[in-house]
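# A closer look at the structure
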Amino acid sequence: MRKVWEKSFWYSFLRKYVDLCTRSGFASLNIEGVGNIPKDACVLLAPNHSAALMDAMMVLLLDKGPIAFGARASIFKKESTAKIMRWLRILPLARQRDGLQEVAKNFATFDEIVECLAHKVPFTIYSEGMHRAQRGMLPVKKGIFRIALQASKELGEPVYVVPVGIDYEYFFFQVGDAQIRVGEPMEVSSYFAEHQDLPPADIYSDLCDELHSRVLGLLGKFKEHRHGHKFLRFLGMVLTLPLFLICWVGALPIWLTSELILLGMKDKAWTHSVYYCVRLFLPLFWPFFSGYAILLNFYRNFFD
């Protein structure tokens, strides 16, 4: 099978379209701290996980080059699906709840992650092990640091765990603002060297607490909207109402299709992801949806 770090013409070509689709889904999208990601180095990206597939699309905006991901192993059961996931640079990671037999397969995945890092392709691991649609972060699992330490020993060079905070103004409502913040990197092997007098379990626990704290520090800092004079804002709302109605009608195929799909889904953390996938396959209606998102956000801010 093709390695996730290998170059692919079609992957690179489609990435431009995918990234544009990601940016078009919000009233505004702010990215900060990309300079904190070490260049030409072994990097494990560690974002919070609150919006299923959409979180991965947001991470891709951090680098124009390839970025690989880990995902729950149950997705890879069908061979055809596994091939597609690998083409998308996604590798399976089993959780303890999947059973020892599945977890044992992680060792092969770990070797591939190390190989990926050796070719300086960033690898993304959701250190919480699951997603939930709310601002904050669940306890961090030590797996990401075990992989980092293994890679550092095998490659003989530093491996950096980089905290990433992905934040959405609304979790169950598609439009609104979104932001991505990248924090200072953590170098795992040097941390172990500095604390070699402690038991490994304590070191892993400290690293997990530190990563948890750093990611939380990157969340919940949306810029305040500059409202300006109330009368001028009201006048702007009245004047743009015809344009809003046009955009609303033009965006119907996207948001109506998305809402119908979401009716049959119990996990509403997929809200952003469903809207994203529908936009991906209906690019003709992007301009209407973007205008609808921006104007609706403007109206909501006025009434708030």
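It should be emphasised that the depicted structure is a prediction, and the values quoted were computed from it without experimental measurement.

## Re the side chain of Ser8
Within the secondary structure layout, Ser8 lies in the segment before helix H1 (9-23). In this structure Ser8 comes out as buried when scored by relative accessible area, which is 12%. Setting aside anything within four residues of it in sequence, one finds Ser8 in contact with Arg2, Trp87 and Arg89.

## Some words on the side chain of Ser24
Inspection of the secondary structure puts Ser24 in the loop between H1 and strand S1 (28-32). Taking the relative accessible area as the measure of exposure, Ser24 reaches 11% and is therefore buried. Among all residues touching Ser24, those that are not within four sequence positions of it are Arg279, Trp286, Phe289 and Ser290.

## So, the packing of helix H2 (residues 53-60) against helix H11 (residues 271-281)
Two elements in contact, H2 and H11, have axes whose closest approach is 7 Å; the angle formed by their N-to-C orientations is 65 degrees. Judged on the interaxial angle alone, H11 and H2 are roughly perpendicular. For the pair H2 and H11, contact is made by Leu53, Met54 and Met57 and by His272, Ser273, Tyr276 and Cys277, respectively.

## Focus on a nonpolar patch on the surface
A contiguous nonpolar surface patch, about 740 Å² in accessible area, is contributed by Phe9, Trp10, Phe13, Leu14, Ile84, Trp87 and Leu88. Looking at the nonpolar patch, the elements that each hand over two or more residues are H1 and helix H3 (79-87). Among the elements that make up the nonpolar patch, the one with the highest residue count is H1 (four residues). With respect to the secondary-structure elements, Trp87 resides in helix H3. Residue Trp87 is classed as partly exposed on the basis of its relative accessible area, which comes to 30%.

## What about the packing of aromatic side chains?
Evaluation of the coordinates by the stated rule reveals 15 aromatic pairs. Plain terms: the ring middles of Phe9 and Phe13 are 6.1 Å apart, the flat faces sit at 15 degrees to each other, and that makes the pair stacked. One end of the pair is Phe9 and the other is Phe13, both in helix H1 and four residues apart, which spans about a single turn. In this structure Phe13 comes out as partly exposed when scored by relative accessible area, which is 48%. Seen in terms of ring centroids, Trp248 and Trp255 are 6.1 Å apart; in terms of plane orientation they differ by 35 degrees. Their pairing is tilted. Ring pairing ties together the aromatic residues Phe244, Tyr275, Phe289, Tyr292, Phe298 and Tyr299, which thus form one cluster. Here Arg89 stacks its cationic end above the ring of Tyr11, 4.1 Å away from the centre of that ring. Arg300 extends its terminal NZ or CZ atom over the ring of Tyr170, reaching a point 4.5 Å from the ring centre.

## Regarding the nonpolar core
Counting residues in hydrophobic clusters, the biggest one holds 56 residues, and the most contacted among them are Leu45, Met54, Met58, Phe69, Tyr168, Ile180 and Tyr292. Tallying contributions element by element places helix H12 (residues 286-303) first for this core, with seven residues. If sequence neighbours within four positions are ignored, Tyr292 has contacts with Val175, Phe244, Cys247, Trp248 and Ala251. Leu91, Ile144, Phe145 and Val188 belong to the second-largest nonpolar core, a separate cluster that totals 34 residues.

## Digging into the state of the cysteines
Applying the stated rule across the entire model yields zero disulfides. Between Cys21, a free cysteine, and Cys277, which holds the nearest cysteine sulfur, the sulfur-to-sulfur gap is 8.3 Å. Overall, Cys21 belongs to the buried group, its relative accessible area being 0%.

## Regarding unusual backbone geometry
Trans is the prevailing form of peptide bonds, just as negative phi is the prevailing case for residues other than glycine. The backbone of Ala52 sits at a positive phi, close to 50 degrees, despite the residue not being glycine. With a relative accessible area of 6%, Ala52 lands in the buried category. Not every positive phi belongs to a glycine, and Arg89 is a case in point at roughly 70 degrees. Mapped onto the elements of the fold, Arg89 is located in the loop between H3 and strand S4 (90-93). Since its relative accessible area comes to 1%, Arg89 is described here as buried.

Cut-offs and rules
Residues numbered from 1 in each chain as written. Predicted model: local features only at pLDDT ≥ 70, side-chain atom pairs only at ≥ 80, totals over all residues. Heavy atoms only, no water. Helix = DSSP H or I, 4+ residues; strand = E, 2+ residues; numbered from the N terminus. Buried < 20%, exposed > 50% of the residue type's maximum accessible area, 1.4 Å probe, protein only. Contact = heavy atoms within 4.5 Å. Axes fitted to C-alpha atoms, helices over the stretch in contact; angles between N-to-C directions. Parallel < 35°, antiparallel > 145°, perpendicular 65-115°, else oblique. Patch = residues over 30% accessible without salt bridge, like charges linked within 9 Å, V, L, I, M, F, W, Y side chains within 5 Å. Areas by Shrake-Rupley, 256 points an atom, 1.4 Å probe, with all protein chains shown as cover. Salt bridge = Lys/Arg side-chain N within 4 Å of Asp/Glu carboxyl O. Phe/Tyr/Trp six-rings, centres within 6.5 Å; stacked < 30°, edge-to-face > 60°. Lys NZ or Arg CZ within 6 Å of the ring centre and 35° of its normal. Core = buried A, V, L, I, M, F, W, Y, C linked by side-chain atoms within 4.5 Å. Disulfide = S-S within 2.5 Å.

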